[in-house]
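Now for the letters of each chain:
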Amino acid sequence: MELLKETKVWRVDSEDRAVSMIQEYKDNADGYTITKSGYVIKTKKSKGAIVDMWCIVTIEFSYEV
C-alpha cells in the first residue's frame, strides 16, 4: 500500500501568514509535489460588526513518483 495524495487544512490568524505558509511548502517541496493550494478568509460577526477574522489554508500534496 502506498500513499499517493493527501490534503491538509490549517487555520491561521492572517492572510499574510496564509500566503507565506503556502509559499514555504512550495519552496521546501522534497518528496512531494503541491498539486493544489489556496486559502479562504473567514469572519465572525456580532451585531453587524466583525469581531474575529481568520484564514483556512488548504494544501494538496501528491507523492506520486
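Here the structure is a predicted model, which is why all the values come from computation and not from measurement. For every chain, the first residue of the written sequence is number 1, and numbering continues from 1 along that sequence. This being a predicted model, a pLDDT of at least 70 is required before a residue's local features are given, and a value of 80 or more before pairs of side-chain atoms are given or counted; all residues contribute to the totals for chains, interfaces and linings. By convention in this description, side-chain values take in all heavy atoms of the structure and omit both hydrogens and water.

Novice: Can you tell me about the sheet that holds strand β1 (residues 5-12), naming the residues and giving the values?
Specialist: A pair of strands counts as paired when DSSP detects no fewer than two bridges linking them. Secondary structure follows DSSP: runs of H or I at least 4 residues long count as helices, runs of E at least 2 residues long count as strands, and numbering of each begins at the N terminus. The strand order across the open sheet built from three strands is β1-β3-β2, with neighbouring strands paired in antiparallel fashion. Of all strands in the sheet, those with a lone pairing partner are β1 and β2 (33-46), marking the two edges. Pairwise comparison of adjacent strand axes, ignoring direction, gives a mean angle of 15° for this sheet. Looking at chain direction, β1 and strand β3 (residues 49-62) are connected through eight bridges and run antiparallel. When the sheet's bridge partners are listed, Val9 is paired in β3 with Thr58. Residue contacts follow a heavy-atom distance rule, with two residues in contact if any of their heavy atoms lie within 4.5 Å. Only the stretch in contact is used when fitting a helix axis, every axis being a line fitted to C-alpha atoms; angles between N-to-C directions are given from 0 to 180 degrees. In this fold helix α1 (residues 15-27) packs onto β1, β2 and β3, with an angle of close to 165° to the strand it touches most, β2.

Novice: Tell me about the nonpolar core, residues and numbers included.
Specialist: What we call a nonpolar core is a set of buried Ala, Val, Leu, Ile, Met, Phe, Trp, Tyr and Cys residues that are connected through their side-chain atoms within 4.5 Å. The cut-offs for exposure are 20% and 50% of the maximum accessible area for each residue type, with area from a 1.4 Å probe on protein chains only; residues under the lower value are buried, those over the upper are exposed, and the others partly exposed. With 10 residues, the main nonpolar core is built from Val12, Ala18, Met21, Ile22, Tyr32, Ile34, Cys55, Val57, Ile59 and Phe61. Those elements that place two or more of their residues in this core are α1 and β3. Once residues lying within four places of it in the same chain are set aside, the contact partners of Ala18 are Val12, Tyr39, Cys55 and Val57.

Novice: Describe the side chain of Ser62, listing the residues and the values that go with them.
Specialist: By the secondary structure assignment, Ser62 is in strand β3. What Ser62 contacts, discounting residues up to four positions off in sequence, is Leu4, Lys5, Tyr32, Thr33 and Thr35.

Novice: Describe unusual backbone geometry, and please don't skip the residues or the numbers.
Specialist: In this model, Lys47 sits at a positive phi of 55°, which is unusual for a non-glycine residue. Its location among the elements puts Lys47 in the loop between β2 and β3. Residue Lys47 is classed as exposed on the basis of its relative accessible area of 87%.

Novice: Talk me through the pattern of salt bridges; I want residue IDs and the actual numbers.
Specialist: A side-chain nitrogen of Lys or Arg and a carboxyl oxygen of Asp or Glu constitute a salt bridge if their distance falls within 4 Å. Per the counting criterion, the structure on display carries two salt bridges. In this structure, Arg11 engages Asp52 in a salt bridge whose closest nitrogen and oxygen atoms are separated by 3.5 Å. Pair noted here: Arg11 is in strand β1 and Asp52 is in strand β3, with a separation of 41 residues, a long-range link. Relative accessible area serves as the criterion here: at 32%, Asp52 is assigned to the partly exposed category. The closest approach of N and O atoms between Arg17 and Glu24, which form a salt bridge, is 3.2 Å. Judged by relative accessible area, Glu24 falls into the partly exposed class, the value being 38%.

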